[in-house]
Amino acid sequence: MREYTEYFKKWEEKIGAFIEIDEKAVENIENSGFKNRGNAGENIRGKSEKKTVSGLPFAVKDNIAVKGRSISCGSKLLENVKSPYTATVVKKLEAQGAWVIGKTNLDEFGMGSSTDNSALKKTNNPWDANRVAGGSSGGSAAAVAAGLVPFALGTDTGGSIRQPAAFCGVVGLKPTYGAVSRFGLVAYASSLETAGVLADSVERCRTVFSIIRGKDENDQTSVEAPAKAPEPEEKSGAPRTIGVLPAESVAKAIAAAASGGADSEQALSIAAQAATLEEEVRRGFETAKKKLAALGHTLVDVEIPSLKYGVPAYYAIATAEASANLARFDGIRYGKRPDWAENPDDLIDKAREAGFGSEVKLRILLGAFVLRSGFQDRYYLRAQRIRAGIRRNFEALLGGADYAGGGATCDAVLLPVFPTRAFDRGPSTLSPFAQKAADLYTCCANLAGLPALSFPVSVEHGLPVGIQLLGRAFSEATLLDIAEGYEKAHPFPHPAGYEPFWD
Ligand code: GLN
């Protein structure tokens, strides 16, 4: 006995995935008879055909509300605040008999790619504790990778589910915009954001997604999938046509744009460099292509011409929305409040000055800058046009959300997730600017509102590499189908010390 509790403690000390742990829930796992199933190297998970979450524990990113639990968003401003209600995604899983064991760490308000922007604690990568878990859903990804929970919830505004999933070697699904309710999520950039799944197998990811999706009265942006879209439960294993984006072409296109003035030239050449895949990721990507072809899929090269503008458009829109969404944190109704203030304005200034970390402040300033009167044409509206262009580029390949007519040439587009594997915290770490430029391959799905799934394809020099499949709106089933075929043939890897506890 106490097998799981010991396991949990040992890992959690090493990785620090959780901001709040429900000790009783952890005990409950022990008492529910979950046993170490042995054979850590063997993929018992993919073989499980159980389509239920009943009796399973899960973890929830600490920007998704669970009644009576922490909702810190990784921020000093909301440290120790307890949520008065539960998010729809969590309620739906609880209604199926799953239960929350804790709230996981994240970059403050979801802003970042490492989880190191959390003001509350550090989360380490289960494969190498000196490296980041990725972000912003780094705590959720690390908890799943270490086997502490079979699945976890995260949010993805520009890659925050898929990138940490790739860094930690688990499955990460960012659903179609509107497919899953956002009621109970603390908003960062509302038009880009979705709640989604991090899981230990594709099957599990599919099960959780089928439970959490659907229209919610409490979220007017949520919708049912169109009748013609494939059902998430639908599996065919059919060979598909997969468009492959040659990653070098995007980095080259960005570099080619670097011929303007001195400042922008320097920024663009750093951006081009940041978008270039490191050798190990390139190798993982090439291996995945070969393996997908060997599974019977047809791979064709495609171009997404507007992708090279994706990052500037993403950061203009995300920061604009963040500056508006974060205006509500004034220290008056909840959160940390200064001991003394001259007047209400001073109180708000002091609360925000002390409560927000530097990345959050930077983004609020950037957002205010791109929205300032007289300049919206220059940044925000231009970004919206790029956004529409990216969506059109993808729809030309994949077909539109209405599922009308043909014209589509691909069932999915294959992309890298991130140009590097989990990076370290030493001198060679990625600069904050390079981290943003490297969001290129993930943020395009958010700009276009399309579903994207990342899953592990290889381990290169001790660290996992993931790839990403991006699909037509509401085609999650197709992406899951391709990934599941891949997993069956090439079981997913685990970090040293992983023990399988889950059916
Ligand atoms: N790296 C992205 C950002 O910092 C991801 C954010 C997200 O998806 N929440 O904005």
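Attention here is on the structure that accompanies the text. Model, not experiment: these values are computed from the prediction.

Observations concerning the overall build of the chain
Phase 1: Counting secondary structure elements, the chain contains 16 helices and 13 strands.
Phase 2: The C-alpha atoms of the chain give a radius of gyration of 21 Å, which matches the 23 Å a tight globule of 503 residues would have.
Phase 3: If you line up the chain on its principal axes, its C-alpha atoms span 60 × 55 × 50 Å.
Phase 4: Expressed as a percentage of the 503 residues in the chain, the buried residues total 59%.
Phase 5: Of the contacts formed within the chain by residues at least 6 apart in sequence, a portion of 77% connects residues at least 24 apart.
Phase 6: Taken as a whole, the chain presents about 18800 Å² of accessible surface, with 53% of it coming from carbon and sulfur.
Phase 7: Here the chain carries 59 positive and 60 negative side-chain charges, and the mean point of each set is 1 Å from the other.

Brief notes about the packing of helix α10 (residues 310-325) against helix α13 (residues 380-398)
Phase 1: It is the contact of α10 with α13, at a shortest axis distance of 9 Å, that shows an interaxial angle of 125°. As summarised for this structure, α10 and α13 are arranged oblique, according to the angle between their axes. Between α10 and α13 lies a crossing of left-handed hand. Of α13, the residues touching α10 (which contributes Gly310, Ala313, Ala316, Ile317, Ala320 and Glu321) are Tyr380, Ala383, Gln384, Ile386, Arg387 and Ile390.
Phase 2: Each residue belonging to the contact of α10 with α13 can be placed in one class, and the counts come to eight nonpolar, two polar and two charged.

Structural notes on the site of the ligand
Phase 1: The full set close to the ligand counts 15 residues, and Thr157, Gly158, Ser160, Tyr188 and Tyr314 are the nearest of them.
Phase 2: Within the side chain of Tyr315, a nitrogen or oxygen atom sits 3.4 Å from an oxygen atom of the ligand.
Phase 3: Of the residues belonging to the shell around the ligand, the class tally is four nonpolar, eight polar and three charged.

Concerning the sheet that holds strand β8 (residues 194-199)
Phase 1: Spatial strand order, β1-β3-β2-β6-β8-β7-β12-β13-β11-β9-β10: 11 strands in an open sheet with mixed pairing. Strand pairing shows two members of the sheet lacking a second neighbour, β1 (18-21) and β10 (298-301), which therefore form its edges. The mean inter-strand angle of the sheet, taken between neighbouring strand axes irrespective of direction, is 30°.
Phase 2: Where strand β2 (residues 57-61) and strand β6 (residues 151-156) come together, three bridges link them in parallel fashion. Within β6, the position partnered with Ala59 by the bridge is Ala152.
Phase 3: With respect to the sheet, helix α6 (residues 202-212) is in contact with β6, β7 (171-174), β8 and β12 (452-460), its orientation differing from that of β8 by roughly 150°.

Some points on the packing of aromatic side chains
Phase 1: Under the criterion given, the structure shown has 18 aromatic pairs.
Phase 2: Both rings, one in Phe8 and one in Phe18, keep their centres 5.5 Å apart while their planes meet at 40°; by these two values the pair is tilted. Of this pair, Phe8 sits in helix α1 (residues 3-15) while Phe18 sits in strand β1, and the two are 10 residues apart along the sequence. In this structure, Phe8 and Phe18 share a single accessibility class: buried.
Phase 3: For the ring pair Phe167 and Phe418, a centre distance of 5.4 Å and an interplane angle of 85° mean the geometry is edge-to-face.

Focus on the packing of α1 against helix α2 (residues 23-31)
Phase 1: Two elements in contact, α1 and α2, have axes separated by 7 Å at closest approach and are oriented at 135°. The orientation of α1 with respect to α2, classified from their angle, is oblique. Counting all contacts with α1, which are made through Glu3, Tyr4, Thr5 and Phe8, the residues of α2 involved are Val26, Glu27, Ile29 and Glu30.
Phase 2: Grouping the constituent residues of the contact of α1 with α2 by class yields four nonpolar, one polar and three charged.

Quick look at α10
Phase 1: With 16 residues, α10 should reach 22 Å at 1.5 Å per residue; the first-to-last C-alpha distance of 22 Å fits that figure.
Phase 2: For α10, a buried count of 14 out of 16 residues is recorded, marking the element as mostly surrounded by other parts of the structure.

Brief notes about the pairing of strand β5 (residues 128-132)
Phase 1: Examined bridge by bridge, strand β4 (residues 124-125) and β5 share two bridges and lie antiparallel to one another. In the strand pairing of β5, Asn125 is matched with Asp128.
Phase 2: Between β4 and the antiparallel strand that follows it, β5, lie two residues.

Here's the deal with the pattern of salt bridges
Where charged atoms of side chains with opposite charge meet at close range, the side chains can pair.
Phase 1: All chains considered together, the criterion is met by 27 salt bridges.
Phase 2: Residues Glu20 and Arg69 are paired through a salt bridge, measuring 3.7 Å at the closest nitrogen-oxygen approach. Placement of Glu20 in strand β1 and of Arg69 in the loop between β2 and α3 (88-95) is noted, with a sequence separation of 49 residues between them.
Phase 3: According to the relative accessible area criterion, Arg69 is partly exposed, its value standing at 25%.
Phase 4: A single salt-bridge network, built from bridges that share partners, covers Glu20, Asp22, Arg69 and Lys82.

Calculation rules
Residues numbered from 1 in each chain as written. Predicted model: local features only at pLDDT ≥ 70, side-chain atom pairs only at ≥ 80, totals over all residues. Heavy atoms only, no water. Helix = DSSP H or I, 4+ residues; strand = E, 2+ residues; numbered from the N terminus. Rg over C-alpha atoms; globule rule 2.2 N^0.38 Å. Buried < 20%, exposed > 50% of the residue type's maximum accessible area, 1.4 Å probe, protein only. Contact = heavy atoms within 4.5 Å. Areas by Shrake-Rupley, 256 points an atom, 1.4 Å probe, with all protein chains shown as cover. Lys, Arg positive; Asp, Glu negative; His and termini not counted. Charge placed at Lys NZ, Arg CZ, Asp CG, Glu CD. Axes fitted to C-alpha atoms, helices over the stretch in contact; angles between N-to-C directions. Parallel < 35°, antiparallel > 145°, perpendicular 65-115°, else oblique. Left-handed = near helix turned anticlockwise from the far one by under 90°. Nonpolar A, V, L, I, M, F, W, Y, C, P; charged D, E, K, R; others polar. Near = heavy atom within 4 Å. Polar contact = N/O pair within 3.5 Å; in protein donor to acceptor, adjacent residues only side chain to side chain. Pairing = 2+ DSSP bridges. Phe/Tyr/Trp six-rings, centres within 6.5 Å; stacked < 30°, edge-to-face > 60°. Expected span 1.5 Å × (residues − 1). Salt bridge = Lys/Arg side-chain N within 4 Å of Asp/Glu carboxyl O.

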